[in-house]
Amino acid sequence: MHPIPYGRQEISEADIAAVTEALRADFITQGPRIDAFERAFAEYIGARYAVAVANGTAALHLSALALGVGPQSRVITAPITFTASANCIRYCGGEIDFCDIDPATITLDIEAVRRRLAAAPRGTYQGLIPVDFAGYATDLEAFRELADEYGLWLLEDSCHAPGGFFTDRQGQVQGCGNGAYADLAIFSFHPVKHIACGEGGMITTNDPELYQKLLVLRTHGITKDPAQLERQDGGWYYEMHQLGYNYRLTDFQAALGSSQLQRAATNLARRRAIARVYDEAFGDFGPVELIAPPADGGHAYHLYVILTDQRKALYDHLRTRGIYAQIHYIPVHTQPYYRRRSAEPVSCPQAEAYYERCLSLPMYPTLSEEEQQYVIAQVMEFFNG
Ligand SMILES: *Cc1c(COP(=O)(O)O)cnc(C)c1O
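Engineer: Explain the pattern of salt bridges residue by residue, including any values.
Structural biologist: In the structure shown here, the tally under the stated rule is 20 salt bridges. With its nearest N and O atoms 3.7 Å apart, the salt bridge here joins Arg 169 to Glu 141. You can see Arg 169 sitting in the loop between strand E9 (165-167) and strand E10 (173-175) and its partner Glu 141 sitting in helix H6 (residues 140-150), a full 28 residues away along the chain. Within this structure, Glu 10, Asp 15 and Arg 263 form a network of salt bridges that share partners.

Structure representation (structure tokens):
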């Protein structure tokens, strides 16, 4: 059996044709394909606006800037995430605090956040960054209520969850990143994510003011909008109104993204089918513990995580069999950078306990039935001998 990674992109002939066509066109950065990708993505996600950017980390950084994060800001996120979810606040000079996860969902524990907010002087915190970890949609209705109680903004890190959803108290399905409850949501188009652009990212929102800010921040803080200009010199004239960045996506990456987006729904269905097969294989298998998915079927399965007390030995065993399982994630608050920044040791016992036992099994749409059965058999062989 050839090597089986935990995740991988799928590039079709249609994708290659779309990129080739874009390369032959007049604009290879920030051309018409950016617009088309943004519109199609916003529609898929169910948000009003989408802003394409260079990668998911840039999406986080621009979001933090648009939300006004600065050196006086304090923000809360979960420790079980990619470090970028936290780093975006540090880019702006703000401080990031970590609240523990709920072991039932591995997402930010709202009760831990509530306790942290209640214990701090009012005004200490400015925002919350919940993460739809592995594709498990955060209950943003509950987080919105808590955020409103304290006057906080809400930034959803939805990198794992395009097409995922939760069901709110009105019985309404709320797609991840649809902007109904969060101010902004961000996505990544890194090759292991649902949609691959090589590098790429997107910010979605329903807020027209944040949308305008993001557009300007993406291109150096420069505007040519006649309504915004402080004076008029001629056709060439532009003004830089704030310190922005070059965080643009290229037109040929957008062409790839749009082409991939056409398969997103079928690929998501395939991810969910793969998860059902793992669920059945391991549901009654003693040595392996599973994380129960939400009952409404809204899980987007960027990752399929199993828990075991013999995680390291299983990881090593699978590697000898050509199966490259992975660990998501090393708790961010234990990274030396964040440990050194904190005056007192930060403790998130649930996240730390989860990290000791978690293992992400191969999960991607082109994982064949045969490959998946091989993975299952190798896991079982490890425990059964
Ligand atoms: C991938 C990822 C990011 C960063 O995205 P890049 O495109 O790699 O910069 C941020 N947050 C989470 C949860 C991610 O999985």
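What follows continues from the structure just given.
Engineer: Give a description of the nonpolar core that names residues and reports values.
Structural biologist: Tyr 354 and Leu 361 are the most contacted members of the largest nonpolar core, which totals 100 residues. When we break this core down by domain, the ones giving at least three residues each are domain 1 (4-261) and domain 2 (264-384).

Engineer: Please give an account of empty space enclosed by the protein that cites residues and values.
Structural biologist: Counted according to the given criterion, the structure contains 4 cavities of 30 Å³ or more. Roughly 150 Å³ of internal volume is contained in the largest cavity. Surrounding the largest cavity, 15 residues form its lining, Ile 291, His 299, Tyr 301, Leu 303 and Val 305 being those nearest its centre. The residue makeup of the lining of the largest cavity, split by class, is 12 nonpolar, 2 polar and 1 charged. Built from parts of two domains, the lining of the largest cavity gets at least three residues from each of domain 1 (4-261) and domain 2 (264-384).

Cut-off values and rules
- Residues numbered from 1 in each chain as written.
- Predicted model: local features only at pLDDT ≥ 70, side-chain atom pairs only at ≥ 80, totals over all residues.
- Heavy atoms only, no water.
- Salt bridge = Lys/Arg side-chain N within 4 Å of Asp/Glu carboxyl O.
- Helix = DSSP H or I, 4+ residues; strand = E, 2+ residues; numbered from the N terminus.
- Core = buried A, V, L, I, M, F, W, Y, C linked by side-chain atoms within 4.5 Å.
- Buried < 20%, exposed > 50% of the residue type's maximum accessible area, 1.4 Å probe, protein only.
- Domains from an automatic or database assignment.
- 1 Å grid on protein atoms, 1.4 Å probe; cavity = no way out; pocket = protein on both sides within 12 Å on 5 of 7 lines; lining within 4 Å.
- Points joined across faces, edges and corners; volume = space filled by probe spheres on them.
- Nonpolar A, V, L, I, M, F, W, Y, C, P; charged D, E, K, R; others polar.

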